[in-house]
Amino acid sequence: MLPVANKQELMRHFDDWVTDREVSFAAVRGFVDNPELIGQRLLGKYSVATTSGSTGIPGIFLLDTLNWTVTLAFSLRMIMGWLNASDTFRLLVRGGRAASVLAMGGHYVGATSFAAIRTRRSARRLRALPAQAPLRNLVAELNRYRPALLIGYASVMALLAAEQDAGRLHIQPVLVLPTSEGLSQDGYDRIARAFHVKVRTVYVATECLFVAIGCEHGWYHVNSDWVILEPVDASYRPVPSGEESHTVLVSNLANRVQPILRYDLGDRILQRPDPCPCGNPLPAIRVRGRRHPHLPNRTRRESRSATARA
Ligand SMILES: [Zn+2]
C-alpha cells in the first residue's frame, strides 16, 4: 500500500514530487510571487493554485489539462443533475449567465479556475466579482448583470440573500452554489428562500477540484470514477461506514503532473452505510469538520468586514 502523504512533506520534496522535469520549485515560486501571472499557465501547460499557509506551510498545486477536463465534466454533470427541464429552460432564457464571487489578488484556486474556463467566446456569459469588494458594489454589479447561476463564498451568498430580502438586490438566479465555508442548514435555507431558488453545494479542495456533489438530502456523493476517499483513524487505519473518521485520505486520479495519492486532507467524514434516499448509487458522505480550512485568510477577514458593513 502507498504511504500517506501530506502537504508539508510534498512541499518539502517538491522537485522530486512533480513528474515534469521542466518544472522546478524555484520557477514555480517565482511564478506565484508575481500577481501579474494570476490565471496564466506555467510553461504554457499548467495552471497554478496556492492554498493558504494557515496550517504552517502554503501549498502550491499544479493543474494539468486532464485535471481540468475532469473538473469541467464534473461541473457539467453536477449542474445538469441539479436542474430539471424547467430550470434548464429558465437558465437558457437568462442567456446562461454565471457570476462567481471569488477571492482575487492571489493565485487562489477560484481565480485560477475562472481564468482556465473563460474563453473569448464564453466571456460574456461568465463574470468574476471580487469577494473583497464592498457589498453595495457587488449588489450593483449583480443587478446589472442578472446572472442565472450564482456561485461564491457561502458567507457572501448569505449577505447577498439578506440584500435580496431587503429589496436592494433583485436578481432571479436558477441556482445558487455557495462554496468554501459551510453554513448551517438554516443558512442554506435562508438563501433558498430569499432567491426562491435551489441551493446546492460541493465538497472540493484545491488538491482535488471534483471530490463530491451535494444532493437534496444533505449528503455528498463521491465522484468515485476519479477520486478515492479513504476515511481513516488517527493511525491511518480504515474507519468503517457509519463511523466518523479522524481524517480522510484523498487520491486524485486525474492529476498526472503532481500526483495526489493518499493525501491527508484533514477533514473528518462519515460514510453512509445504506443507500441514499436520493437514489444516487455513488458513495454518500457527510463532512463533519474541516481541520484545515481551504479558504485564504485574507478573504475570511474581508468577508467579515463585509458583514460589518452590512
Ligand atoms: Zn443523496
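Residues numbered from 1 in each chain as written. Predicted model: local features only at pLDDT ≥ 70, side-chain atom pairs only at ≥ 80, totals over all residues.

**Q** Help me understand the overall build of the protein in this model?
**A** The helix and strand tally for the protein stands at 10 helices and 15 strands. For a compact globule of 310 residues, the expected C-alpha radius of gyration is about 19 Å, and the protein comes in at 19 Å, within 12% of that figure. With the C-alpha coordinates aligned to their principal axes, the bounding extent of the protein is approximately 55 × 50 × 35 Å. Scored against the burial criterion, the 310 residues of the protein give a buried share of 40%. Pairs at least 24 apart in sequence give 63% of the contacts found in the protein among residues at least 6 apart. (Helix = DSSP H or I, 4+ residues; strand = E, 2+ residues; numbered from the N terminus. Rg over C-alpha atoms; globule rule 2.2 N^0.38 Å. Buried ≥ 20, exposed ≤ 12 C-beta atoms within 10 Å, placed from the backbone. Contact = placed C-beta atoms within 7 Å.)

**Q** Looking at this model, I keep getting lost on the confidence of the model for the protein. Mind explaining?
**A** Close inspection of predicted coordinates is inappropriate in any region flagged by low pLDDT. With 90% of its residues at a pLDDT of 70 or more, the protein has an overall mean of 87. Considering each helix and strand of the protein separately, the mean pLDDT is smallest for helix H10 (residues 297-309), with a value of 33, and largest for strand E11 (residues 227-232), with 97. With pLDDT under 50 throughout, residues 292-310 is counted as low confidence; its partners more than four residues away or in other chains account for 36 contacts. (pLDDT = per-residue confidence, 0-100.)

**Q** Would you take a moment to explain unusual backbone geometry for this structure?
**A** Where the residue is not glycine, phi is negative for most of them; where a peptide bond is considered, it is trans in most cases. The backbone of histidine 196 shows a phi angle near 50°, a positive value even though the residue is not glycine. Structurally, histidine 196 can be placed in the loop between helix H9 (185-195) and strand E7 (198-199). For arginine 262, which is not a glycine, the phi torsion comes out positive at approximately 50°. Position of arginine 262 among the secondary structure elements: in strand E13 (residues 260-264).

**Q** When you look at the sheet that holds strand E12 (residues 247-252) in this model, what are you seeing that I'm missing?
**A** Backbone hydrogen bonds hold the strands of a sheet together, and the pairing may be parallel or antiparallel. Here we have three strands laid out as an open sheet, ordered E11-E12-E13, and antiparallel in their pairing. Strands at the two margins of the open sheet, each flanked by one partner only, are E11 and E13. Neighbouring strand axes in the sheet, compared pairwise and without regard to direction, differ in orientation by 15° on average. (Pairing = 2+ DSSP bridges. Axes fitted to C-alpha atoms, helices over the stretch in contact; angles between N-to-C directions.)

**Q** Before we go on, may I ask you to explain the pairing of strand E8 (residues 202-205) in this structure?
**A** In the case of a regular strand, side chains alternate between the two sheet surfaces. Sheet analysis places E8 next to strand E9 (residues 208-214), joined by three bridges and oriented antiparallel. Bridging across to E9, valine 202 finds its partner in isoleucine 213. Between the end of E8 and the start of E9, which pair antiparallel, lie two residues.

**Q** For this particular structure, what's the right way to read the environment of methionine 1?
**A** Position of methionine 1 among the secondary structure elements: in the segment before helix H1 (7-12). Separated by 261 residues in sequence, methionine 1 and arginine 262 place their C-alpha atoms 9.6 Å apart.

**Q** Just to check I follow, could you spell out the nonpolar core for this structure?
**A** Proteins that are soluble and globular tend to have nonpolar side chains buried together. Judged by nonpolar contacts, the single largest core of 51 residues is most densely connected at Val48, Met157, Val176 and Ile191. Among the elements that take part in this core, helix H8 (residues 154-165) stands out by supplying seven residues, more than any other. Beyond its immediate sequence surroundings of up to four residues, valine 176 is in contact with Leu150, Met157, Ile191, Phe195, Val197 and Val199. Core analysis: the next-biggest nonpolar cluster, separate from the first, contains 29 residues, Val222, Val227, Tyr263 and Ile285 among them. (Core = buried A, V, L, I, M, F, W, Y, C linked by C-beta atoms within 7 Å.)

**Q** Where do I start with the sheet that holds strand E4 (residues 126-130) in this structure?
**A** Ordered by their spatial adjacency, five strands build an open sheet running E4-E3-E5-E6-E7, and the pairing between neighbours is parallel. Only two strands of the sheet have a single neighbouring strand rather than two, namely E4 and E7. Sheet analysis places strand E5 (residues 149-153) next to strand E6 (residues 175-179), joined by five bridges and oriented parallel. Directly across from isoleucine 151, in E6, lies its bridge partner leucine 177.

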